[in-house]
Amino acid sequence: MNVVKAFGIAVVIINLVGGCSFPSYTENGKPISLTVGEGFKNPLGYYEAIPRFSWKPPSNSSTSTRQSAYQIQVASTFERLTTEPDKWDSSKIKSSAMSWILYKGKALSSREKIFWRVRFWDENDVASEWSDPAKLEVGLLENSDWKASWIGAKGTQISASPSQSILATPQYFRKQFSLDKSVRKARLYVTAKGVFKVFLNGEDITANDALPPGWTPYEKRIETLTYDVTSLLNQNENALGAIVAGGWYSGRIADLKETDHSKSPRFLAQLEITYSDNTTKVVTSNESWKSTQSGPIRFASNYDGERYDERFEMDDWASPEFDDSNWSQVITDEITSQTRLRPKRHLPVRNIKYLIPQSFEQVDKDTVIFDFGQNMVGVPSINIPVKEGKEVKLRFAEALHKGSFYTENYRSAHSTDYYLPAKDGIAEYTPSFTFHGFRYVEISGFDETKIPLNSWVVANVQHSDITLYRNFKSDNTKLNKLFENINWGLRGNFFDIPLDCPQRDERLGWTGDANAFITPSMYMADVYGFWSAYLESLREEQTKDGFVPLYVPFVKWINWTSSGWGDAATILPWELYMMTGDRKILEDSYPSMRAWIDYHESQAKDNISSMMTFGDWLQPYPEKEGKGANRGDTDFSLISTAFFARSVELTRKAALELGFNEDAKRLANKHEELAKAFRTEFFDKDLNVLKGKETQTAYLLALAFKLLPESDVKIAQIKLVSLLEASGTHLRTGFLGTPLLADVLQEAGRTDLVYALLFKETYPSWFYSINNGATTTWERWNSYSLEDGFNPQGMNSLNHYAYGTISRWFYEGILGVKPSLPGFKRAVISPQLTSQLGFAEGSIPTPNGTIDVSWTMTNVGFDISVTVPFNTTAEFIPPAHYKVEQATKSNGEVLNQWVSLTSGQYQFRLTHDVEDKGATL
């Protein structure tokens with residue numbers, strides 16, 4: 001789907017400052033940033049037959065603060081949109097909604113193109129101007145829309161029992177065809193069982209895409225992409241070409257040592273051409289295509305790299321002039337109904353930017369190591385002197401181990417690219433069908449008579465095409481560096497699915513990691529479409545009994561589920577709903593949420609769960625030894641029962657939002673039963689832990705998930721604080737406890753402890769990694785040190801986003817903004833202040849615009865600036881031990897209340913509340 005995603009909230013955030021409003025026609029105000037679905041702007045190859053419309057207010061300032069009504073018009077042509085909208089006219093609808101408005105005309109069909117516009121009325125019933133028109137074009141929505149067949153190279157059929165080497169060798173395809181009329185429009189619909197590149201008349205249509213169509217549960221759904229190729233067609237002879245590799249479909253996955261030989265990569269294409277006279281021609285992948293496996297890419301694997309042999313190059317092989325008489329006829333497979341073909345519902349992985357080396361060191365006569373200064377994900381592009389027949393090898397590393405190139409943390413992932421030159425000269429090469437996680441690139445085998453240059457290599461940064469907002473900063477250098485590292489962790493692991501890590505023989509969509517990072521990532525980037533697509537895959541992989549795999553998409557490696565991981569079925573949709581206010585995410589996910597509750601029930605007896613769990617994964621200083629140490633010291637049954645209750649509570653909330661009141665009542669009763677059983681089973685009368693070790697995470701789960709009677713809450717808070725103090729104010733939490741720490745401590749009135757943990761310099765802490773050269777977030781708290789190199793324990797990914805979960809508190813704590821209604825229709829703003837920071841500022845993206853907060857320490861307290869966007873209300877709450885000394889609006893108006901702030905800019909002067917006698921835990 002060749003979609004241009006709206007920067008959406010990000011761009012609008014920058015513009016929506018001040019008291020946003022909607023002037024009358026004479027002031028030329030009109031809605032902006034029109035998008036459909038999860039933020040697509042004018043998409044080509046859209047995936048919904050019933051789109052959802054959203055818009056933002058204009059940035060003009062006036063006295064208006066909210067929307068009272070809207071009108072949407074939809075038409076089949078641009079001309080009809082302004083004269084007689086023939087698809088849908090909503091008329092004037094009294095509503096404040098500006099996002100996720102369902103189209104109520106006739107459902108759109110495949111290939112259909114529509115134009116739409118919107119206007120609205122403010123609280124004074126003054127209409128805006130009509131927006132500029134927006135458009136969308138639907139992709140192929142049903143399998144029946146496809147007239148093409150799957151094609152493969154001869155010898156790759158299952159009956160031929162292809163070897164692993166044959167499956168790992170990319171297949172090249174081409175089809176020549178002619179046109180005898182001028183072309184008005186041409187669309188190429190394309191996908192693969194595997195990953196592909198596609199060419200038209202020698203032009204690489206996918207030049208900026210990486211490994212399309214991406215990774216879905218292939219047996220259930222494969223995503224398709226749409227490209228506008230009108231300008232690439234010739235009047236006479238033309239040629240379509242493609243290269244297909246195994247990728248995630250038939251390549252090596254996890255630490256499984258062999259490819260699944262029952263799956264051979266396949267290619268599917270349908271080129272639909274409309275002539276100027278409105279007649280059509282369709283070119284499909286079928287038995288008339290030619291194929292070969294004798295191209296220059298001899299081997300390709302996500303984990304193991306790529307091998308390129310220049311001797312096999314085929315000049316102009318994708319052009320009409322090429323002689324393909326030595327190529328073989330393809331084999332074909334019919335499209336079946338078991339696997340749904342659907343338009344891609346989020347943007348593909350793309351080449352986003354490139355980095356140049358910060359330094360390099362020649363370590364041998366023909367070996368040089370380049371340091372890019374940043375751990376990242378992607379592929380290199382080389383431009384180096386070579387000798388005929390002398391193989392060039394490219395190896396990758398995240399860090400040096402005591403000065404030496406180190407790849408052991410990649411485990412069995414070979415992660416090496418090879419280039420074999422056919423002649424002396426300059427070799428230019430960029431791998432096509434692999435990706436690497438790295439900071440360092442070692443290049444060996446170049447012409448040793450040449451002196452290495454910095455210009456020999458660049459690193460292409462690849463990730464799903466999302467926009468990072470870069471919307472937080474402070475006057476603390478290490479805090480800013482931590483934020484930057486978390487951003488790079490997001491970049492590196494949002495690779496079509498949310499990976500746990502991007503470099504070793506794993507790179508899977510682990511659900512537990514997703515639970516930890518979904519909300520922080522929504523604050524940091526426009527990733528709603530990304531997460532919605534992942535959730536669809538989760539629902540597809542969930543079994544009839546409600547079982548949710550540990551990672552999505554699922555491959556047969558670890559075939560059990562875990563509490564705290566499978567709960568992604570309830571946590572992800574609820575968190576997305578609170579961030580966006582889009583009911584569709586709950587509607588789509590509610591059956592899955594219910595099914596997961598049923599599965600939890602099957603694993604429990606007397607409301608105590610015995611579900612398997614990974615535990616508080618990678619908790620520091622575990623008492624256990626060996627492999628079991630990775631699962632932490634918190635009792636497994638305590639963890640599983642807590643997450644059972646949490647999923648019940650989130651499903652209850654979803655039921656209420658969707659109007660399933662009977663479900664909500666039943667779930668409320670169940671939650672009450674679980675909370676009582678939890679309190680009785682795992683704590684004595686004095687709230688000491690009865691089972692397992694007394695851990696920070698045991699109390700965090702009890703407090704965060706509200707599983708204790710109100711009379712026990714303060715006691716639990718005191719015990720948590722005591723455990724923190726006993727550890728020298730160091731955390732002792734892993735993947736499950738860490739995401740809960742900051743909010744629980746803030747609720748306890750101990751923001752000072754959150755800052756103490758955040759600014760801690762020694763292990764285990766976030767700044768410890770920064771002090772040891774980190775440029776991303778790590779898997780372990782002590783994965784690496786400058787003095788000792790890599791931790792000798794296994795699993796040492798230096799690019800793991802889970803512990804980046806702390807960035808959520810940058811927005812909800814330091815800036816102090818939380819949604820009190822879904823989609824931030826109403827927000828609470830309560831910045832958590834500290835003398836350890838002199839300044840902090842940031843922007844919180846919401847469907848209506850941005851909430852901007854900045855604060856500065858003064859001689860007498862703090863000055864805070866707040867911007868509330870149009871159509872939003874907010875309550876400002878001074879943090880504990882502070883009072884509002886003065887509050888004004890941007891126009892100088894003095895405020896006498898700040899419980900219900902409407903759109904506008906506000907300034908607050910806070911001083912210490914000397915009369916505050918609140919107890920400190």
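Residues numbered from 1 in each chain as written. Predicted model: local features only at pLDDT ≥ 70, side-chain atom pairs only at ≥ 80, totals over all residues. Heavy atoms only, no water.

Asker: Report on the overall build of the protein, specifying residues and quantitative values.
Answerer: Helix and strand counts for the protein come out as 17 helices and 51 strands. Over its C-alpha atoms the protein spans a radius of gyration of 29 Å, differing by no more than 12% from the 29 Å that the globule rule assigns to 921 residues. With the C-alpha coordinates of the protein rotated into their principal frame, the extents come out at 90 × 70 × 60 Å. Sorting the 921 residues of the protein into buried and exposed places 63% on the buried side. (Helix = DSSP H or I, 4+ residues; strand = E, 2+ residues; numbered from the N terminus. Rg over C-alpha atoms; globule rule 2.2 N^0.38 Å. Buried < 20%, exposed > 50% of the residue type's maximum accessible area, 1.4 Å probe, protein only.)

Asker: Help me get a handle on the side chain of S537, residues and values and all.
Answerer: Counting through the fold element by element, S537 comes out in helix α7 (residues 528–541). Look at S537 and you get buried, because its relative accessible area is 4%. For S537, the contacting residues outside a window of four places in its chain are T216, P217, R221 and V552. (Contact = heavy atoms within 4.5 Å.)

Asker: Provide a residue-level description of the sheet that holds strand β13 (residues 171–178), including the pertinent values.
Answerer: Read from one edge to the other, the open sheet built from six strands follows the order β16-β15-β18-β13-β21-β24, with strand pairing classed as antiparallel. With one partner strand each, in any of the chains shown, β16 (203–204) and β24 (328–329) form the two edges of the open sheet. Sheet topology places β13 next to strand β18 (residues 237–245); eight bridges connect them, and they run antiparallel. Each residue of the ladder has a partner; that of F173, found in β18, is A242. (Pairing = 2+ DSSP bridges.)

Asker: Go over the side chain of N791 with me, naming the residues and quoting the values.
Answerer: The residue N791 is located in the loop between β43 (789–790) and α17 (807–814) in this model. Looking at N791, the relative accessible area reads 9%, which means it is buried. Separated by 2.8 Å, the side chain of N791 and the backbone nitrogen of Q793 make a polar contact. Not counting the four nearest positions on each side in its chain, N791 is found in contact with R780, N782, S783, Y784 and N796. (Polar contact = N/O pair within 3.5 Å; in protein donor to acceptor, adjacent residues only side chain to side chain.)

Asker: Hey, could you go over the pattern of salt bridges for me, with residue numbers and the actual values?
Answerer: Across all of its chains, the model carries 62 salt bridges by this definition. The salt bridge partner of R439 is D371, with a shortest N-O separation of 2.8 Å. Taken together, the residues R439 in strand β35 (residues 436–444) and D371 in strand β29 (residues 367–386) connect sequence positions 68 residues apart. Each member of the pair, R439 together with D371, is buried. Measuring nitrogen to oxygen at the nearest pair gives 2.7 Å for the salt bridge that ties E442 to R395. (Salt bridge = Lys/Arg side-chain N within 4 Å of Asp/Glu carboxyl O.)

Asker: Which residues make up the environment of I585, and what values do they have?
Answerer: Relative to the helices and strands, I585 is located in helix α9 (residues 583–602). Considered as a pair, I585 and S301 are 284 residues apart in the sequence and their alpha carbons are 34 Å apart.

Asker: Describe the sheet that holds strand β51 (residues 904–912), listing the residues and the values that go with them.
Answerer: Within the open sheet, the six strands sit side by side as β37-β46-β47-β48-β51-β50. Their pairing is antiparallel. Since the sheet does not close on itself, it has two edges, and those belong to β37 (472–474) and β50 (882–889), each with one partner. Recorded for the sheet is a direction-independent mean angle of 15° between the axes of neighbouring strands. Pairing of strand β46 (residues 839–846) with strand β47 (residues 849–857) involves eight bridges; the strand directions are antiparallel. Bridged to T846 within β47 is G849. (Axes fitted to C-alpha atoms, helices over the stretch in contact; angles between N-to-C directions.)

Asker: Tell me about unusual backbone geometry, and please be specific about residues and values.
Answerer: Each neighbour pair has its own omega, and for P212 with P213 the value is 5°, a cis peptide bond. In this structure, P764 follows Y763 across a cis peptide bond, with omega equal to -5°. Assignment of secondary structure puts P764 in the loop between α15 (751–758) and α16 (766–771). The residue S91 is not glycine, and still its phi comes out positive at about 65°.

Asker: Residue-level account of helix α13 (residues 710–726), with values.
Answerer: If you check α13, its first and last C-alpha atoms are 25 Å apart, about what 17 residues at 1.5 Å a residue would give, namely 24 Å. Inspection of α13 places D712, A716, Q717, L720, V721 and L724 among the buried residues, and these make up the whole buried set. The inward-facing, buried residues of α13 abut α11 (661–682), α12 (696–704), α14 (738–747) and α15. Just past α13, the residue G728 takes up positive phi, approximately 70°. (Expected span 1.5 Å × (residues − 1).)

Asker: Go over the nonpolar core, please, and point to the residues and values.
Answerer: Residues I443, W531, L758, F810, I814 and F908 are the most contacted members of the largest nonpolar core, which totals 213 residues. For this core, the element with the most residues is helix α10 (residues 636–658), which contributes 11 residues. Among the nonpolar cores identified, the runner-up in size contains 27 residues, and F173, F177, L240 and V283 belong to it. (Core = buried A, V, L, I, M, F, W, Y, C linked by side-chain atoms within 4.5 Å.)

Asker: Residue-level account of α15, with values.
Answerer: In terms of burial, α15 is a largely internal element, six of the eight residues being buried. Each element contacted by the buried residues of α15 is listed here: α5 (477–493), α13, α14, α16, α17 and β47.

Asker: Residues and numbers for the confidence of the model for the protein, please.
Answerer: A low pLDDT means the predicted coordinates there should not be read in detail. Mean pLDDT over the protein: 94, with 94% of residues reaching 70 or higher. Across residues 1–28, where pLDDT falls below 50, the model places 111 contacts with residues more than four positions away in sequence or in other chains. (pLDDT = per-residue confidence, 0-100.)

Asker: Give a description of the packing of α14 against α15 that names residues and reports values.
Answerer: With their axes 7 Å apart at the nearest point, α14 and α15 run at an angle of 150° to one another. Considering their axes alone, α14 and α15 lie roughly antiparallel with respect to each other. Contacts from L741, A742, L745 and Q746 of α14 reach α15 at T751, L753, V754 and L757. A breakdown of the residues in the contact of α14 with α15 according to their chemical character gives six nonpolar, two polar and no charged. (Parallel < 35°, antiparallel > 145°, perpendicular 65-115°, else oblique. Nonpolar A, V, L, I, M, F, W, Y, C, P; charged D, E, K, R; others polar.)

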